[in-house]
Amino acid sequence: MTTTRYATSSGTTARKVPLASRSGVFLVLLLFSVYTLIPLWWLLVSATKSSGDLFGDGGLWFSHFDLWTNIRAVFHQQDGIFGRWILNSVLYSAGGAFVATLISAMAGYALAKYPFRGRDLAFNIVLGAVLIPASMFALPLYLMFSSIGLVNTYWAVFLPCIVSPFGVYLARIYAADGVPYELLEAGRVDGASEARIFWRIAMPVMSPALVTIFLFQFVGIWNNYLLPVLMLNDDKLQPVTVGLAGWRNGFENGIPYTVTLTGAVLSLTLLVIAFLPLQRFWRSGLAAGSVK
Amino acid sequence: MTIDMVEPDLRATKPTATAQRSTAGRRRTRSALLFLLPFGLLFAAMMLAPICYSLYKSLFTTHRSGLGLSRPTEMFAGFSNYATALHDNHFLMSILRVLLLGVVQVPVMLGLALLLALLLDSRSARFKRIFQVVFFLPFAMPGAIAAIMWSFLYARNLSPFTALFQHIGLHVDFLSDGLALVSIGNMMTWAYTGYNMLILYSALQAIPGELTEAAEMDGCSGWRLAWHVKVPLLRPALILTTVFSIIGTAQLYTEPAILQHDAPAVTITYTPIMAAQYAAGINNYGLAAAESVILAILTFVASFGFMKFTQRRGLGA
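- By the naming in an unreviewed UniProt entry, chain B goes by Sugar ABC transporter permease and is assigned to Streptomyces antnestii.
- Regarding chain B, the UniProt comment filed under Subcellular location (unreviewed entry) reads as follows: "Cell membrane".

- Under an unreviewed UniProt entry, the name given to chain A is Carbohydrate ABC transporter permease, and the organism recorded is Streptomyces antnestii.
- UniProt, in its Sequence similarities (unreviewed entry) section for chain A, records the words "Belongs to the binding-protein-dependent transport system permease family."
- Here chain A is described in UniProt, under the heading Subcellular location (unreviewed entry), as follows: "Cell membrane".

Dropping the structure here:
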């Protein structure tokens, strides 16, 4: 479908598009790109400035290049707690996403490949839960966790993060189409246990979906703010988002703006390094989540 | 469809085989339940339990003795927490505030997203891939980091925008009482327009080429093609993005929470979630629970109300 469309657009009609219309469209898209990029550009440039230069000018161009000094300052602030925050973020995100993926794969596979009573009901409940945003659960979770003394522990952030209805939904869709019954039956005829069939046959076939689930959950946990800020008072347990927000509001306590700005840039750089190569999966998951 | 493949098969087998089959079937049902168990347990503990706990908690008040020496006692209070919440001006104001933001910011953002998606989908667009990646950037960024970035960009002594306005003789303070809500709206627009645009754009890509070709044969092109052919086909995607945006606005927290220290107008009960957090912070868990329940109900009513409204209009048209 799209190929025919592109074929004609590059063939007959492309010549018909007047230059005025082309440049008009380009201009509007460019304008919005500028709106999108200027804040990021400002952040990047600001991270290279000393405190003095930061307050000095309009701020959209470099002055004296002090990035390395700033980075050193970030890692020295509060005895190097920034490194700990990054580590916490990695721990919550990678650990949470890994367990969530595994649990979702098991549940999605069971919902796709085993007929049992109540299966449709179970899947509809999962589907309903996909629509409820995680932030809606944060405060109720806080109330519940504080009544059982779980607040201010790693578990308080980790446990809610390993439940992903969206992951189950994706895993089910993928297992339903991607894992053939013949393969499972062949495994059963060979006398393999159901667990073994899942591990050795279903999981490898489902791996593209699993990567997508992992990425979604990883980014979701990494970007989360409300849940950890409610749950964690102790700054040694906090992820980098909560830690940096604390620094931002700690200007009165002598935390320079440059340190917070550079910390923000560092945390973003890490995310970019980790995820740029995997962008393909991330976008395919977005499409599956929105269009299907 | 997967069910159909197995069930007729089970029924069709001969009686002698049925017994064998059914033990195998039972064994498989057991394995299925075992596979579901971890998710089921966690789902119950992390999603159902907090809801039930909040509902329960919202019906109780905690009484502390004057000196705080004896243990606080829980007392059944019926709906008094709900009454307190609904008579609390701060809480009501927070609801009105996100409502105002939703009514103004959501249409602006989605209008912009629609415009950009249509432009990107038009024949006149060049460099589509680059623009897509650029527009997607803010969404991939953690909300808290984006909010921290904007809090600096709004700061009186740092803002390049304030400096720019100064050049043309305007004194703009983005964190002043009058502009704080607009500034927050801008942060949301910056963060989510690209995401919504991508959803709309992928829906546009799914429109069969024959359809637009046929319309063009009939002499419909440019804006008329976009408005009369493409936009009506985008209806489901537009409803989806609107519902997501309504839910997101109702749950607004990160942006105002981070601006709080710099903007005097952004109070500690600025949005419903902040108000509930404040109630929890002063150990009034009953009120915090009631406020969470009210917010959940209002969010549900707003998003489902919108869906019903558009469905009815769809039938009438």
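### With respect to empty space enclosed by the protein
- Counted according to the given criterion, the structure contains 2 cavities of 30 Å³ or more.
- Volume-wise, the largest cavity comes out at about 80 Å³.
- Surrounding the largest cavity, S135, M136, L139 and P140 of chain A together with Q251, P272, I273, A276, E291, S292, L295 and A296 of chain B form its lining.
- Here the residues of the lining of the largest cavity sort into 8 nonpolar, 3 polar and 1 charged.

### Re the UniProt feature "transmembrane region" (unreviewed entry) in chain B
- With numbering aligned to this structure, UniProt lists the feature "transmembrane region" (unreviewed entry) at residues 32–56, 95–118, 130–154, 174–195, 233–253 and 285–307 of chain B.
- Structurally, residues 130–154 of chain B comprises 92% helix and 0% strand, and the distance from its first C-alpha atom to its last is 28 Å.

### Description of the interface of chain A and chain B
- Facing 97 residues of chain A, the contacting portion of chain B comprises 98 residues.
- Here chain A packs against chain B, burying approximately 8800 Å² in sum over the two surfaces, 75% of which is carbon and sulfur.
- Here E185 of chain A and R28 of chain B are joined by a salt bridge, their closest N and O atoms 3.6 Å apart.
- Counting across the chain A and chain B interface gives 9 residue pairs in polar contact (both at pLDDT 80 or more).
- Ranked by residues supplied to the side of chain A that touches chain B, first place goes to helix α2 (residues 19–46) of chain A with 17 residues.

### Quick notes on the confidence of the model for chain A
- For chain A, the average pLDDT comes to 86, and 88% of its residues sit at 70 or higher.
- Predicted confidence for residues 1–14 of chain A stays below pLDDT 50, and this span has 18 contacts to residues more than four positions away or in other chains.

### Points about unusual backbone geometry
- Its identity is not glycine, yet D79 of chain A carries a phi of approximately 55°, on the positive side.
- Of note, D79 of chain A is situated in the loop between α4 (67–76) and α5 (81–113).
- Using a relative accessible area of 79% as the deciding quantity, one classes D79 of chain A as exposed.
- Of note in the backbone geometry, F127 of chain B takes a positive phi value of approximately 55° without being a glycine.
- Position of F127 of chain B among the secondary structure elements: in the loop between α4 (89–121) and α5 (128–140).

### Let's talk about the UniProt feature "transmembrane region" (unreviewed entry) in chain A
Residue and element names in this part refer to chain A.
- What UniProt calls "transmembrane region" (unreviewed entry) maps, in this numbering, to residues 25–44, 90–112, 121–142, 154–176, 197–222 and 254–276.
- The distance from the first to the last C-alpha atom of residues 90–112 is 31 Å, and the span holds 100% helix and 0% strand.
- For residues 197–222, the helix share is 100%, the strand share is 0%, and the end-to-end C-alpha distance is 33 Å.

### Things to note about the nonpolar core
- Counting 146 residues, the largest nonpolar core has F82, Y109, M206, M231 and W247 of chain A together with M141 of chain B as the members making the most contacts within it.
- Looking at this core, the element that brings in the most residues is α5 of chain A, giving 15 residues.
- Among all residues touching M231 of chain A, those that are not within four sequence positions of it are A138, L141, Y142, F145, V151, N152, A156 and V157 of chain A.
- Membership of the second largest hydrophobic core comes to 26 residues, among which are L118, L120, L200 and L204 of chain B.

### Re the packing of helix α14 (residues 257–275) of chain A against helix α6 (residues 143–154) of chain B
- Closest axis-to-axis distance for the α14 of chain A/α6 of chain B pair is 11 Å, and the angle between their directions is 145°. Here α14 of chain A runs over α6 of chain B; the crossing is left-handed. Within the contact between the two elements, α14 of chain A uses Y257, T260, L261, A264, S267 and L268 of chain A and α6 of chain B uses I145, I148 and F152 of chain B.
- Taken together, the residues of the contact of α14 of chain A with α6 of chain B sort by class into 7 nonpolar, 2 polar and no charged.

### Section: the packing of aromatic side chains
- Inspection of every chain in the model, using the stated rule, returns 42 aromatic pairs over all chains.
- Between Y92 of chain A and Y154 of chain A, the ring centres sit 5.5 Å apart and the planes meet at 50°, which makes this aromatic pair tilted. On the criterion of sequence distance, the pair formed by Y92 of chain A in helix α5 and Y154 of chain A in helix α8 (residues 154–161) is long-range, its members being 62 residues apart.
- For Y92 of chain A, a relative accessible area of 3% corresponds to the buried category.
- Given the relative accessible area of 29%, Y154 of chain A is considered partly exposed.
- Here Y225 of chain A and Y253 of chain B contribute two aromatic rings whose centre-to-centre distance is 6.1 Å and whose plane-to-plane angle is 35°, an arrangement assigned as tilted. Of the two residues, Y225 of chain A sits in the loop between α11 (194–223) and α12 (226–231) while Y253 of chain B sits in the loop between α11 (235–250) and α12 (254–259), which places them in two different chains.

Cut-offs used in this document
Residues numbered from 1 in each chain as written. Chains lettered and ligands numbered in written order. Predicted model: local features only at pLDDT ≥ 70, side-chain atom pairs only at ≥ 80, totals over all residues. Heavy atoms only, no water. UniProt positions renumbered as here; feature names shortened; annotations may be inferred. 1 Å grid on protein atoms, 1.4 Å probe; cavity = no way out; pocket = protein on both sides within 12 Å on 5 of 7 lines; lining within 4 Å. Points joined across faces, edges and corners; volume = space filled by probe spheres on them. Nonpolar A, V, L, I, M, F, W, Y, C, P; charged D, E, K, R; others polar. Helix = DSSP H or I, 4+ residues; strand = E, 2+ residues; numbered from the N terminus. Contact = heavy atoms within 4.5 Å. Buried area = accessible area lost by both parts, 1.4 Å probe. Salt bridge = Lys/Arg side-chain N within 4 Å of Asp/Glu carboxyl O. Polar contact = N/O pair within 3.5 Å; in protein donor to acceptor, adjacent residues only side chain to side chain. pLDDT = per-residue confidence, 0-100. Buried < 20%, exposed > 50% of the residue type's maximum accessible area, 1.4 Å probe, protein only. Core = buried A, V, L, I, M, F, W, Y, C linked by side-chain atoms within 4.5 Å. Axes fitted to C-alpha atoms, helices over the stretch in contact; angles between N-to-C directions. Left-handed = near helix turned anticlockwise from the far one by under 90°. Phe/Tyr/Trp six-rings, centres within 6.5 Å; stacked < 30°, edge-to-face > 60°.

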